[in-house]
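Structural features, examined
Residue strings, one per chain:
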Amino acid sequence: MTGPEAAALYAQSLNTGGIQGWITDNVVPLVLLGIAVILLWIGGRGDNAGVARRSVGLVVGLVALGIAVSGQGPVIGNFLAGLLIG
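None of these values were measured; they are calculated from a predicted model.

Section: the overall build of the chain
For the chain, the count of helices and strands is four helices and zero strands. The N-to-C order of helical and strand elements in the chain reads α-α-α-α. Out of the 86 residues in the chain, the part that is buried amounts to 7%. Summed over all atoms, the accessible surface of the chain reaches about 6,800 Å², with 71% contributed by carbon and sulfur.

Pasting the structure below:
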């Protein structure tokens with residue numbers, strides 16, 4: 001089978017699961033390792049207030065990353081909206 005028929009057959013099984021899994025398994029830990037090294041370097045200079053300021057932003061970013069990676073965004077959004085609306 002060659003030509004458009006073959007392309008249509010192979011295109012039916014395309015998805016983003018492979019790249020999403022690779023990013024989750026490889027890129028996320030490398031980013032976290034880089035952040036940890038930077039915080040240790042800043043803390044080693046004695047700037048504890050700088051580490052604390054950056055850690056707050058880091059926690060917010062990690063929460064957003066966790067929501068994005070877990071796929072639970074709509075559930076969490078409904079929960080937060082329920083807190084505001086009642």
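Remarks on the packing of aromatic side chains
Tallying each qualifying case throughout the model produces zero aromatic pairs. Cation over ring: arginine 45 sits above tryptophan 41, and NZ or CZ is 4.7 Å from the ring centre.

Considering helix α4 (residues 73–85)
Compared with an ideal rise of 1.5 Å per residue, which puts 13 residues at 18 Å, α4 spans 18 Å between its outermost C-alpha atoms and is within 8% of the ideal. Along α4, only zero of the 13 residues are buried, which leaves the element largely exposed. Downstream of α4 by one or two residues, glycine 86 has phi in the positive range, about 105 degrees.

A short note on helix α3 (residues 48–70)
Compared with an ideal rise of 1.5 Å per residue, which puts 23 residues at 33 Å, α3 spans 32 Å between its outermost C-alpha atoms and is within 8% of the ideal. Phi for glycine 71, located one or two positions after α3, is positive at around 80 degrees.

The rules we used
Residues numbered from 1 in each chain as written. Predicted model: local features only at pLDDT ≥ 70, side-chain atom pairs only at ≥ 80, totals over all residues. Heavy atoms only, no water. Helix = DSSP H or I, 4+ residues; strand = E, 2+ residues; numbered from the N terminus. Buried < 20%, exposed > 50% of the residue type's maximum accessible area, 1.4 Å probe, protein only. Areas by Shrake-Rupley, 256 points an atom, 1.4 Å probe, with all protein chains shown as cover. Phe/Tyr/Trp six-rings, centres within 6.5 Å; stacked < 30°, edge-to-face > 60°. Lys NZ or Arg CZ within 6 Å of the ring centre and 35° of its normal. Expected span 1.5 Å × (residues − 1).

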